[in-house]
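In case you want the letters, here they are:
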Amino acid sequence: GLKKLLVGGGEDAEGSPPSSIDLASEEYRNAKAVDGQLWGELIRAGYVHLYYNHDTCNKINVFPIPDGDTGTNMIITLRNAITALGSSPEKDIKQLVQQIAGLTTLNAQGNSGTIFSFFFGKVSTLVSEAKQDDGSLDLRTFATILTKVGEDMYGAMEKPMPGTMLSVIKDTFSEDALSGANTIEGLIRNACEAGQTSLQKTPDQLIVDGVKVLKNFRGKTVVDSGAQGFLYLIEGMVSA
């Protein structure tokens, strides 16, 4: 199903389109600017990793309702945007993030999907406001945008719950996490490390009516499912 989705369907589909750029090459690992094509391929790589692991998110879905659909909702929210990337994402980063934001907003499903779409929407808003150079952003500007996205998302809730997708996104892109990165690879790796550290804290942070709801869920301690899904996206970028 994933293969057919990423090539646009058809019985003879053999795999997703090859990446239009070599993310593992020195050129892109050491990139100091981010254009739409680079960001689009990173999102595509993250989506594939999320897709293959989304059932784990379903199984550990506790908050706010243990209905076992967090991973599925995140996949549904993002898949049309991934399909729209085609064989080569739009090079202008402003156009690319607008495309992803629009399609994730239209297809957002469930609480996790809505928060997921909010992330892409905030990225689009802030990228559109930033000074660009030929459709790209320098690494420091892009890092500042991601930090503000995390802060704005967390601050948008009247009473944001720590130990959830919102708090983990904020920690993933914190200024402390991203400030030392000089390349796009360094930026993504630092974000992933910070996010993983934050994710592991969620069982002790997410407290509802005095109860740590992620503790002893079906006999074991789990992490927040939406936050795990978001980290799968970042892990996929690192792998690529």
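Residues numbered from 1 in each chain as written. Predicted model: local features only at pLDDT ≥ 70, side-chain atom pairs only at ≥ 80, totals over all residues. Heavy atoms only, no water.

> Hey, could you run me through the overall build of the protein chain in this one?
Of regular secondary structure, the protein chain possesses eleven helices and four strands. A globule of 240 residues ought to have a C-alpha radius of gyration of about 18 Å, and the protein chain, at 17 Å, matches this closely. Overall, the protein chain is about 50 × 45 × 30 Å in size when its C-alpha atoms are taken along their principal axes. Per-residue burial over the protein chain gives 48% buried out of 240 residues. At a minimum sequence separation of 6, the contacts of the protein chain that also span at least 24 residues come to 68%. For the protein chain, the exposed surface amounts to about 10,900 Å²; the carbon and sulfur share of it is 48%. If you average the places of the 21 positive and of the 29 negative side-chain charges in the protein chain, the two averages end up 4 Å apart. (Helix = DSSP H or I, 4+ residues; strand = E, 2+ residues; numbered from the N terminus. Rg over C-alpha atoms; globule rule 2.2 N^0.38 Å. Buried < 20%, exposed > 50% of the residue type's maximum accessible area, 1.4 Å probe, protein only. Contact = heavy atoms within 4.5 Å. Areas by Shrake-Rupley, 256 points an atom, 1.4 Å probe, with all protein chains shown as cover. Lys, Arg positive; Asp, Glu negative; His and termini not counted. Charge placed at Lys NZ, Arg CZ, Asp CG, Glu CD.)

> Honestly, the packing of helix H10 (residues 184-205) against helix H11 (residues 225-239) in this entry has me stumped. Any pointers?
Any two packed helices are characterised by the angle at which their axes cross and by the distance between the axes. Relative orientation of the contacting elements H10 and H11 amounts to 155°, with a least axis distance of 9 Å. Put simply, H10 runs roughly antiparallel to H11. You can see that H10 and H11 cross each other, and the crossing is left-handed. Here Ile188, Arg189, Cys192, Gly195, Gln196 and Leu199 of H10 lie close against H11, whose contacting residues are Ala227, Gln228, Leu231, Ile234, Glu235, Met237 and Val238. Taken together, the residues of the contact of H10 with H11 sort by class into eight nonpolar, three polar and two charged. (Axes fitted to C-alpha atoms, helices over the stretch in contact; angles between N-to-C directions. Parallel < 35°, antiparallel > 145°, perpendicular 65-115°, else oblique. Left-handed = near helix turned anticlockwise from the far one by under 90°. Nonpolar A, V, L, I, M, F, W, Y, C, P; charged D, E, K, R; others polar.)

> Would you mind going over the state of the cysteines with me for this structure?
The term disulfide refers to a covalent linkage connecting the sulfur atoms of a pair of cysteines. Under the counting rule described, the total for this entry stands at zero disulfides. Considering cysteine sulfurs only, Cys192 is the nearest to Cys57, which forms no disulfide, with 14 Å between them. For Cys57, a relative accessible area of 0% corresponds to the buried category. A relative accessible area of 11% means that Cys192 is categorised as buried. (Disulfide = S-S within 2.5 Å.)

> I'm lost on helix H4 (residues 70-85) in this one. Help?
Since one α-helical turn is 3.6 residues long, residues separated by three or four positions face the same way. Its 16 residues place the ends of H4 24 Å apart at the C-alpha level, agreeing with the 22 Å of an ideal helix rising 1.5 Å per residue. Along H4, the largest kink reaches about 35° and is centred on Leu78. Of all the positions in H4, only Thr70, Gly71, Asn73, Met74, Ile75, Ile76, Thr77, Leu78, Ala81, Ile82 and Leu85 are classed as buried. Immediately downstream of H4, the backbone of Gly86 shows phi near 65°, a positive value. (Expected span 1.5 Å × (residues − 1). Bend = angle between axes of the 7 residues up to and from the residue.)

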